[in-house]
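# Observations on chain architecture
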Amino acid sequence: MAEATTFTNSTQILEPFRGIKKVTIEEYFTSGHRTCQGCESALVMKLMVKAAGARTIVLGSTGCMYVANTTYYTTPWVVPWMHTQLGSSGSAALGTAAGLKALMSKGKIKSEPINVIAFCGDGGGADMGLGAISATLTHKEYNSLILLYDNESYANTDIQLSGSTPYGANTTFSPPGKAIRLIHKRWKKNTAGMLAAGHPECRYVATVCASYAVEMMNKVRRALTIGGPTFIHSLDPCPKGWDYDPMLSHELGELAIETGIFPLYEVEDGQLRYYGKTKAIVDGRARKPVREYLLKQGRFAHFLEEDLEYFQKKVDEMWDKWEVPGVVPFRRMDATKAALDPK
Amino acid sequence: MPALICEVVYRGIFQKNLAARMVRGIVLSARKSGRWGIAFGRYGDSPQRNGIPAKDFAIVADTKEELEQNMARYEPKHVDVTVCVDDTLSKGVESWAWYGLQPINRLTVPNGTLLMTSLQAPEELLKDIHKKDAPYKLALIRAKASFSGLWVYKEDHTEARILGALAKIAPAFLSLDGVSQAIQEIEWGSDLKVASARKAYERLETREVKMTEGNTEIPYSFEMPKWWEMREGVTIPAIPIGKPKEGGQGYVPERNPYFKKFTTRTMRPVIDFDTCVKCNLCWISCPDSCFDVMPDATFDANMEACCGCGVCEAVCPVEKCITMVNESAFSDNASQWEMWRKDKAAYKTWLLATIGDKKTTARSHGFRFRGQYEEELKNDLETGGVEITAGIPGENAQHKTV
Amino acid sequence: MAVVTKAAPAASDEKELLISGSEAVAEGLTLADIDVVTAYPIRPYDTVMQAIAKKISGGQLVAEYIVAEGEHSQFEIVKHASTVGARVFCGSSGVGWAYAMECLVVTPPLRVPMVCLVGNRALDDPGAFGVEHNDALFVRDLGWMLCWIDTSQEAIDTTLIAYRVAEDRRVFLPLAISADGAFLTHSQALTLVPSKAKVDKFLPRYDRGDLLLHPDNPITVAPQANEDWVIEIRRQNDEAMKRASTVIEEAYADFRRVFGRGPENPWFEEYMTDDAEIILVGMGTISLPMKVGIRNMRAQGKKVGLVRLRWFRPFPTERLVAVLSKAKAIGVVDRDYSFGSPFNSGVVANEIRAALYNAATRPPLVGFICGLGGREVTLEDVYKATDLCYNAANSGKSEAKTIWLGVRE
């Protein structure tokens, strides 16, 4: 490779796709993976690199999008791709970006902006890898995107619950039984909100859903363009673990947004912007009842009315009680309580 | 016969629980006549994926020693009975566990039995089932494929009927009484299921298959490289970028040559190129990148890459522009677009006929809403609108419980 | 293949510095112009990271210096930097090395030539800073190259040799340099630091070649593999480790040609072994009290010698056997333990027993465990070990039990 002239640590300028007809025609993640019928996460991979383009390196931490995508000799990747350990998406992004920066700034390789994207599942991102992602989001001199594809369980290993699994869901670690109907009683982690709030120098955090493909791709392009470490949280319906007809992947993605369970927003340089159906909800459009979403999935088939009501109540709180609806779970102390407060 | 070796070829996830019930049922039934047995899934198929073919095995023997000859294996080298609970698998099996396409009857011993659930005639099935260099028996249970998911099970008696049929096929190992007793005691058993097993025993249709019969296609295979031929650092080449279709128009992605995925498919999209509005939604939404962009900006689903999820039909804004149709209606993976380009009128006729058949367009991909399976079964039991595994249409109408 | 020429006189362009083993490694890293280094605090290895930080803030070294949030990330970051072609350095000690274990496991199959410093430290619990070799030995079976250094001079020289060996395309394996906590990492000695010009003659630039992860070389790295592939991948690593032996020989020969110093025998240091009846074997700074003891015993007419093992992986089986079979008895002094292993000995003793198994002559062997948790190895320990070896030599039988030296009884 030719020696560099000057190194600027710049990023690729990726303008948003103006509509579906303007989307890149080439595929950088193609056929040959062994994912489930209707796998939304495979679609996320495809859209992610379609948005990023050819001059991209992708790192994938252990999970479905590793094991099912790249069984030996059966890669679907057109761009360079490398496996990283389950908890290492943050370190993989950081190390790859740092290696390129070092070699380019020292003139050892040609200086050019190369996209670095590391992805992780909810197990790798919201559970095991959270610390490394957090660290990476503080290293502002390294350009990389970490994309969390959240199918709400350790779907590769047999559907075990993760910190991102919804309340009450049936998983192989939380089977409903005669004695205990709901083993899993933890509420889903607010991963994107936590990372946006906790890393003031991370310039871009967004939530996406591939049911809205063009918007999803444009968030990826924005994250790669703005530079520094960035984070995107994608909610991916999983026909295997959620137990539904694979044909319904898109519909369930839409329902997750329309019920207000998964809000779509982006935080750019500290500025919060809701978008899509979520913006309509913030602007006052009624949310669909969560049951319309939950009862289409076998993982909630054991729910009783009280479970559905509890779930609805918790989602209502996100929108009616949270200081920043759907994003930051702080609540303002009400006046009477404040008055009684000794301090 | 020192041992009875059975394989169950099934659809990953959709039939995972069904297959597990069958292989466990085989062992527990044989136990009733004092036999020893093991049941296991092929480790290489795990973690399973929706639709991707997988295998479970049940081996029963007179003695523990005979059993040991078949233990600590990923799969037996040959089987006495191949059980296949989705007749679209008759086109061949490309599983997680290996590279290339394997005929459904590959492991079946000479004069062994291929036991299938199907609504098709044997002659129809043999158009797909690959030719074998030995005669064998094709045994059929009249039933449609039973699909459900990981958490909600469709209690349509398929497992009971397979066990009943096996008692007919291998009486030396599985007596009908043993099977009935096992079903009664097993956690998912019931009297009605015992009845279904016994009916299956009576009604099993068996047909000799000659060496001359079957699909003559040579399945694609894969040569394993030697250790020094493999690239170091656990690396493999990436897939090249695709090319325009023709005259610089359209786009065809390069595809992985080693895993084609079409045997995962039970239904395929049938596309009406005349009504396509070129909205791009099917193309952008396909998780398997199976749509080639044609020079006229329509989209042709590559039938070697399509795994039949149906997302394209779900997102298509035009009524009947994309329709999912059962694989049994097709005999090859030819390009629909080329067919359409050659003779648009003929294509239209074919299209209307193909998407017009209610039986082949019925959806069978698992859970859609709570209570769905009960509704379907109730309906089947009372009206017998479609044959189900519980027996002959309407004959169980007096039973209100399933 | 390097041509070994007559050793040139010590080059005048080398400067002499009073530095610790850790500082010496940092000098070596500066000369090697490393690109990415990751740090995380744990005694005693982290003195090297402090030294590198000074080099970087002082402008002598230009590299990405990343302070990680734990050893797991620390090793993953450099692993990935190495795959895009960067020369990397990392390191740890004791339980820190253990915390990184998952990331240590993956580097050999990925053929990542990272160089690490392990400041040997006892494993928790109890938390202890003193030296034990068990930490570095975690990776002995995994495809890591392992060597032990003894002096600040060896520290800087071995650092340069390490990159030359690890980054050789025939090898491409990770390499850990072990330095005894305190005795080497924290004590300063006079050390010759060579010139950049000479180092550039000796150490070529790291070329990732066909394994480079870059849009210009699109590959998929480490796809998931079932039973159809893994044993072939292990076999490839087996071959790389075998090739490493040749590459190490070449590197030391070339080092002597370029710098005019360095050992003839890369694998181990021989001290007074030519006529030795008893040969003591050890790794690391344990050699220093041994040498003193040997000189004293020689004054009393006892013919004792020392073999100080530098390279543990690859293990120099033939050369070691050739030397050891000449002795009347062998005493192996381990600064590690392998509880419940054959004869309840240390790791090195069992390796040497195995190495001698096919030897024509197998002298009696006595295993010792000594200096655990940083306990000083005393002359008395050395004398006692030697006496027990003489007993074995006279009886002609190996001692069945392993002797613990310097433990309160």
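Here goes a summary of the coordinates provided. Not measured: the values here are computed from a predicted model.

### Concerning the pairing of strand S7 (residues 175-180) of chain C
Each regular strand displays side chains that alternate between the two surfaces of the sheet. Residue and element names in this part refer to chain C. Counted residue by residue, S7 has six buried out of six residues, so it is predominantly covered. Here S7 shows a buried face lined by Leu 175, Ile 177 and Ala 179 and a second buried face lined by Ala 176, Ser 178 and Asp 180. Of the pairings in the sheet, the one linking strand S5 (residues 115-120) to S7 comprises six bridges and is parallel in character. By the bridge assignment for S7, Asn 120 is matched with Asp 180. When strand S6 (residues 145-148) meets S7, the two strands line up parallel, connected through four bridges. When the bridges of S7 are listed, Trp 148 appears paired with Ser 178.

### Re the pairing of strand S1 (residues 3-11) of chain B
Residue and element names in this part refer to chain B. Extensive coverage of S1 is indicated by the burial of eight of its nine residues. Summarising the sheet, S1 and strand S3 (residues 53-61) pair through nine bridges and their orientation is antiparallel. Within the sheet, the bridge partner assigned to Ala 3 lies in S3 and is Ala 61. As paired strands, S1 and strand S4 (residues 79-84) are joined by four bridges and run parallel to one another. Looking across to S4, one finds that Val 8 is bridged to Val 83.

### Description of the interface of chain A and chain B
Taken together, the contact between chain A and chain B spans 51 residues of the former and 50 residues of the latter. Elements with a contribution of two residues or more to the side of chain A that touches chain B: helix H1 (40-52), helix H8 (239-243) and helix H9 (249-258) of chain A. Top element by residues in the side of chain A that touches chain B is H1 of chain A. It accounts for four residues. In terms of residue class, the side of chain A that touches chain B is built from 24 nonpolar, 14 polar and 13 charged.

### Remarks on the nonpolar core
The nonpolar side chains of a soluble globular protein tend to be buried, and buried together. Among the nonpolar cores identified, the biggest contains 339 residues, and Ile 26 of chain B together with Val 165 of chain C are the most heavily contacted of them. Excluding residues that lie within four positions of it along the chain, Val 165 of chain C makes contacts with Met 145, Val 171, Leu 175, Ala 244, Val 247, Ile 248 and Ala 251 of chain C.

### Looking at the sheet that holds strand S4 (residues 88-92) of chain C
Residues and elements named next belong to chain C. Strand order in the open sheet formed by seven strands is S3-S2-S4-S5-S7-S6-S13, with mixed pairing between adjacent strands. Single-partner strands in this sheet number two, and they are strand S3 (64-67) and strand S13 (311-313). Along the sheet, successive strands turn relative to each other by an average axial angle of 20°, direction set aside. Packed on one face of the sheet, helix H3 (residues 71-83) meets strand S2 (36-39), S3 and S4 and runs near 160° to S4.

### Concerning the interface of chain B and chain C
Listed by partner, the interface residues are twelve residues for chain B and 18 residues for chain C. Classifying every residue of the side of chain B that touches chain C by side-chain character gives eight nonpolar, three polar and one charged. In the sheet, strand S8 (residues 235-237) of chain B pairs with strand S9 (residues 219-221) of chain C via three bridges, with the strands oriented antiparallel. Considered in S9 of chain C, the bridge of Pro 237 of chain B is made with Ile 219 of chain C.

### Quick notes on unusual backbone geometry
Following Ser 46 of chain B, the chain continues into Pro 47 of chain B via a peptide bond in cis, with omega recorded as 0°. Within the secondary structure, Pro 47 of chain B is located in the loop between strand S2 (36-41) and S3. Cis geometry marks the peptide bond from Arg 43 of chain C to Pro 44 of chain C, where omega comes out at -5°. Its location among the elements puts Pro 44 of chain C in the loop between S2 and helix H2 (47-57). If you check the backbone angles, Ala 222 of chain C has positive phi at about 65° while not being a glycine.

### Considerations on H1 of chain A
All names here are of chain A. Taking 1.5 Å as the rise per residue, H1 with 13 residues should run 18 Å; its terminal C-alpha atoms sit 18 Å apart, in good agreement. Among the 13 residues of H1, 13 are classified as buried, and the element is accordingly described as predominantly covered. Immediately downstream of H1, the backbone of Gly 53 shows phi near 95°, a positive value.

The rules behind the values
Residues numbered from 1 in each chain as written. Chains lettered and ligands numbered in written order. Predicted model: local features only at pLDDT ≥ 70, side-chain atom pairs only at ≥ 80, totals over all residues. Buried ≥ 20, exposed ≤ 12 C-beta atoms within 10 Å, placed from the backbone. Helix = DSSP H or I, 4+ residues; strand = E, 2+ residues; numbered from the N terminus. Pairing = 2+ DSSP bridges. Contact = placed C-beta atoms within 7 Å. Nonpolar A, V, L, I, M, F, W, Y, C, P; charged D, E, K, R; others polar. Core = buried A, V, L, I, M, F, W, Y, C linked by C-beta atoms within 7 Å. Axes fitted to C-alpha atoms, helices over the stretch in contact; angles between N-to-C directions. Expected span 1.5 Å × (residues − 1).

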